[in-house]
Amino acid sequence: MILSVTMLHKVSKFIDLHHLLKKDALHLAALSGGADSVALLQVLLSLGYKVEAVHCNFHLRGEESDRDETFCRELCDSLHVRLHIAHFDTLAYSKLHRVSIEMAARNLRYSYFHRLAEDIGAEDICVAHHKDDNAETVLMNLVRGTGANGLSGIHPKNGRIVRPLLCVSRQEILGYLQENGQVFVTDSSNLVDDVKRNKVRLNVMPLLKEMNPSVIDAINVTAERLTDIMPLLKEATERYVSDIAVYDKKGGVELDIHKLLSSPSPKHILYTILEQYNCPSNVIKEIAERLNSRTGAGWSFANHIAVIDRGKLIVSERPVPQRPMKLHICGKYILANGDALVIETVKRRDMASLRQPASIALLDADNVKMPLLLRRVEEGDRFTPFGMKGTKLVSDFLTDMKMPLHLKQQQLCLLDASGHIVWIVGHRISDRCKITAETKQILKMTFVPD
């Protein structure tokens, strides 16, 4: 029983080192019936933890799926462990959500695990990942393309998911089960190299082991070292991000390009920020290579856009298309993005003061011909800004305001029936419809952001 004692000691030490499990708490153990999960359940019980098991039948392998369920029932009965069983139509879920069978099974499994843990009051969910799984994950991430976090592999704890066997190898697990005379079932789908992980396990790892018989340990040591330095890297990165990036209330961000390029690792910081917006790595790479571009360079990805504007990289939500809107009468108009425009008429004598914030425009109603037209600013638009006599290009007016390019493209203007711009919404009215001593009725317009 030397192997069993050694493995139990190793797992117990690993649990304590990473503060994975509490002795007085209830723990939920994922049980497929395979060697790894059977060993997990046996080890947790041998170490004195209170455990309930959960088995998922995905109905993907016909009689074999039912065989696995029966095995788990009989095993838990013999160990006097309560077993929870869930049945899923995995194929239907895969088609409905347009994901692979593997991703469908994963989503269903973990979603159920979390709900069940809540229902039974389990402290956490124990899964049977081990050293070999970790090495395979690192290799898969490396092939796919990843950063330091991906090369750190599988973590001992991720939320309520804990991995007590991450300190032992598949070979140790099989030896432990053999020494204890414990049988298990084999998933035949794991023996066919039809998915990426199986290709790595069945084809790549044997070749690497020929080069280095200790390759599993070597990869795990590297992943562990990267895991150790991740908190330091995260702290340093956050310090630079706080100096380089300014986030707005709508979730956008503005990066100071000079500060970014002066940092020790501009590309890493850029990746850290833009990954939050689901920006693909190839787009981030292109942005990093073109940070010195002139104002106007832009990229579109997911639900966001990124533009370079006067030394800044500005990321914001992709603007909601706003079709021209005719406003025939007074009232409240809701725009496509949720903003609102309120139009009302007010007697001059009822206005205590003509001073209003930029979000409110006061116009001489007699000089504004209805209906009004609300639309985005277009190239070549001109108007007479309040206080001026001649006309000015709206684009020049916005440039003088130092308005960022992405906001220029979204700027709204209001035209009257004669085609004259009467208000650059939220900024300046036209001088031709300003309030004068002769004004009797005022057209009051209020822009209300969502």
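In this text, all values refer to a predicted model and were calculated from it rather than measured experimentally.

(A) Main features of the overall build of the protein. Scanning the protein from N- to C-terminus turns up 15 helices and 22 strands. Computed over the C-alpha atoms, the radius of gyration of the protein is 32 Å, more than 25% above the 22 Å expected from 2.2 N^0.38 for a compact globule of 450 residues. Once the C-alpha set of the protein is aligned to its principal axes, its extents read approximately 105 × 45 × 40 Å. With an accessible surface of roughly 24700 Å², the protein has 52% of that area assigned to carbon and sulfur atoms. Of note, the protein has its 58 positive side-chain charges centred 9 Å away from the centre of its 54 negative side-chain charges.

(B) Spotlight on the environment of Arg73. Take Arg73: it is sitting in helix 3 (residues 63–79). On a C-alpha basis, the gap between Arg73 and Ile85 in space is 8.9 Å, while along the polypeptide they are 12 residues apart. The residues contacting Arg73, other than those within four sequence positions of it, are Leu83 and Ile85.

(C) Broad picture of the packing of helix 12 (residues 266–274) against helix 13 (residues 281–289). Between helix 12 and helix 13, the shortest axis-to-axis distance is 10 Å and the interhelical angle comes to 135°. It follows that helix 12 is oblique to helix 13 by the angle criterion. Between helix 12 and helix 13 lies a crossing whose hand is right-handed. Every residue of helix 13 that contacts helix 12 at Lys267, Leu270, Tyr271 and Leu274 is listed here: Ser281, Ile284, Lys285, Ile287 and Ala288. Residue composition of the contact of helix 12 with helix 13, by class: six nonpolar, one polar and two charged.

(D) Here's a closer look at the nonpolar core. Counting 37 residues, the largest nonpolar core has Met7, Val11, Leu21, Leu31, Leu41, Leu44 and Leu165 as its most contacted members. For this core, the secondary-structure elements that each account for two or more residues are helix 1 (2–17), helix 2 (35–46), strand 2 (50–57), helix 3 and helix 8 (170–179). At seven residues, the largest contribution of residues to this core is made by helix 2. When neighbours within four sequence positions are excluded, Leu21 is seen to be in contact with Ile15, His27, Leu44, Tyr49, Asp124, Cys126, Val162 and Pro164. Ranked by size, the runner-up nonpolar core spans 25 residues in total, among them Val241, Ala245, Leu291 and Leu313.

(E) Layout of the packing of helix 4 (residues 90–97) against helix 5 (residues 101–120). As a packed pair, helix 4 and helix 5 sit with axes 9 Å apart at the nearest point and diverge in direction by 105°. Between helix 4 and helix 5, the interaxial angle falls into the category roughly perpendicular. In this structure, helix 4 contributes Thr90, Leu91, Tyr93 and Ser94 to the contact, and helix 5 contributes Ile101, Ala104, Ala105, Asn107 and Leu108. Looking at the contact of helix 4 with helix 5 residue by residue, the classes come out as six nonpolar, three polar and no charged.

(F) Looking closely at the layout of surface pockets. A volume near 910 Å³ is recorded for the second largest pocket. Lining the second largest pocket are 27 residues, with Lys250, Asn337, Asp339, Leu407 and Gln410 sitting closest to its centre. Of all the secondary-structure elements, those providing two or more residues to the lining of the second largest pocket are strand 11 (312–317) and helix 15 (405–408). By residue class, the composition of the lining of the second largest pocket is 11 nonpolar, nine polar and seven charged.

(G) Spatial organisation of the pattern of salt bridges. Under the defined criterion, the tally for this structure stands at 23 salt bridges. For Asp68, the salt bridge identified is with Arg67, shortest N-O distance 2.7 Å. Note that Arg160 is salt-bridged to Glu118, the shortest N-O span being 2.6 Å. Residue Arg160 is found in the loop between strand 5 (157–158) and strand 6 (161–162), and its partner Glu118 is found in helix 5; the two are separated by 42 residues along the sequence. Of the residues examined, Glu118 reaches a relative accessible area of 56% and is grouped as exposed. Among the charged side chains, a salt-bridge network with shared partners connects Arg61, Glu64, Arg67, Asp68 and Asp187.

Calculation notes
- Residues numbered from 1 in each chain as written.
- Predicted model: local features only at pLDDT ≥ 70, side-chain atom pairs only at ≥ 80, totals over all residues.
- Heavy atoms only, no water.
- Helix = DSSP H or I, 4+ residues; strand = E, 2+ residues; numbered from the N terminus.
- Rg over C-alpha atoms; globule rule 2.2 N^0.38 Å.
- Areas by Shrake-Rupley, 256 points an atom, 1.4 Å probe, with all protein chains shown as cover.
- Lys, Arg positive; Asp, Glu negative; His and termini not counted.
- Charge placed at Lys NZ, Arg CZ, Asp CG, Glu CD.
- Contact = heavy atoms within 4.5 Å.
- Axes fitted to C-alpha atoms, helices over the stretch in contact; angles between N-to-C directions.
- Parallel < 35°, antiparallel > 145°, perpendicular 65-115°, else oblique.
- Left-handed = near helix turned anticlockwise from the far one by under 90°.
- Nonpolar A, V, L, I, M, F, W, Y, C, P; charged D, E, K, R; others polar.
- Core = buried A, V, L, I, M, F, W, Y, C linked by side-chain atoms within 4.5 Å.
- Buried < 20%, exposed > 50% of the residue type's maximum accessible area, 1.4 Å probe, protein only.
- 1 Å grid on protein atoms, 1.4 Å probe; cavity = no way out; pocket = protein on both sides within 12 Å on 5 of 7 lines; lining within 4 Å.
- Points joined across faces, edges and corners; volume = space filled by probe spheres on them.
- Salt bridge = Lys/Arg side-chain N within 4 Å of Asp/Glu carboxyl O.

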